[in-house]
Amino acid sequence: MRIGQSSDIHRLVEGRKLILGGVEIEHSKGLLGHSDADALSHAVAEAILGALALGDLGHHFPDTDPQWKGVNSLVILEKTAEMMEEKGYSIGNVDSLILIEKPKMAPHIQKMRENFAKALHCDLSRISVKATRGEGLGFVGREEGVLAQAVVLLEEKRK
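Conventions we followed
- Residues numbered from 1 in each chain as written.
- Predicted model: local features only at pLDDT ≥ 70, side-chain atom pairs only at ≥ 80, totals over all residues.
- Heavy atoms only, no water.
- Helix = DSSP H or I, 4+ residues; strand = E, 2+ residues; numbered from the N terminus.
- Expected span 1.5 Å × (residues − 1).
- Buried < 20%, exposed > 50% of the residue type's maximum accessible area, 1.4 Å probe, protein only.
- Core = buried A, V, L, I, M, F, W, Y, C linked by side-chain atoms within 4.5 Å.
- Axes fitted to C-alpha atoms, helices over the stretch in contact; angles between N-to-C directions.
- Left-handed = near helix turned anticlockwise from the far one by under 90°.
- Contact = heavy atoms within 4.5 Å.

Visitor: Give me helix α1 (residues 39-51): which residues, what numbers.
Guide: Spanning 13 residues, α1 covers 18 Å between terminal C-alpha atoms, matching the ideal 18 Å at 1.5 Å per step. Buried within α1 are the following residues: Ala 39, Leu 40, Ser 41, His 42, Ala 43, Val 44, Ala 45, Glu 46, Ala 47, Ile 48, Leu 49 and Ala 51. Backbone geometry just downstream of α1 places Ala 53 in the positive-phi region, at approximately 60°.

The structure is reproduced here in structure tokens:
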């Protein structure tokens with residue numbers, strides 16, 4: 001077994017789509033970044049890379065590479081899953097958290113879980129997505145940005 005964890009932060013700005021967990025969410029602001037800036041998918045992918053001791057997202061998917069400009073972050077997650085499988089591991093479980101003041105995440109969490117289960121080739125029961133607010137405190141509470149966190153447990157595939 002291997003454990004990995006990661007956090008990802010993106011600024012909320014006007015003129016961008018808000019995409020979290022592969023779900024486009026109606027909101028007046030979206031996340032700024034080189035890809036679609038899906039902080040939740042990034043946190044999960046980087047936690048997997050960490051569990052495998054393969055470095056970070058910037059090493060594998062650099063923001064200086066035009067190939068990744070505007071890319072759907074579920075593609076990044078799928079490519080990370082390929083690396084995981086090549087190393088002989090599968091998902092034990094994913095526990096993830098979105099910190100965002102608004103909009104409410106509850107209506108979107110099931111679809112996020114489904115997106116992750118599909119991208120990671122695992123059962124839905126192995127994926128947890130939660131959300132909480134900043135209660136008006138800090139950059140999350142002031143609606144300046146989003147913080148996503150993830151912890152993953154990888155299991156070695158039976159040979």
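Visitor: Describe the nonpolar core, and please don't skip the residues or the numbers.
Guide: Most often, soluble globular proteins have nonpolar side chains that are buried together. Grouped together as the largest cluster of nonpolar side chains are 47 residues, with contacts concentrated most on Leu 20, Ile 48 and Leu 120. When contributions to this core are tallied by element, the ones reaching two or more residues are β2 (18-20), β3 (23-25), α1, α3 (73-86), β5 (89-99), α4 (109-120), β6 (127-132) and β7 (145-156). Among the elements that line this core, the one with the most residues is α1, at 9 residues.

Visitor: How would you sum up the packing of α1 against α4? Please name residues and give values.
Guide: The contact between α1 and α4 brings their axes to 12 Å, and the two run at 35°. Relative to α4, the crossing made by α1 is right-handed. Mapping the contact onto sequence places Leu 40, Ser 41, Val 44 and Ile 48 in α1 and Met 112, Phe 116 and Leu 120 in α4.

Visitor: Would you mind going over the environment of Ile 98 in detail, with residue names and values included?
Guide: Mapped onto the elements of the fold, Ile 98 is located in strand β5. Along the primary structure Ile 98 and Gly 134 are separated by 36 residues, whereas in three dimensions their C-alpha atoms are 10 Å apart. Leaving out residues up to four positions away in the same chain, Ile 98 has contacts with Leu 20, Leu 40, Met 105, Met 112, Val 129, Lys 130, Ala 131, Thr 132, Val 146 and Leu 147.

Spatial relationships are all this shows, so hold off on functional conclusions.
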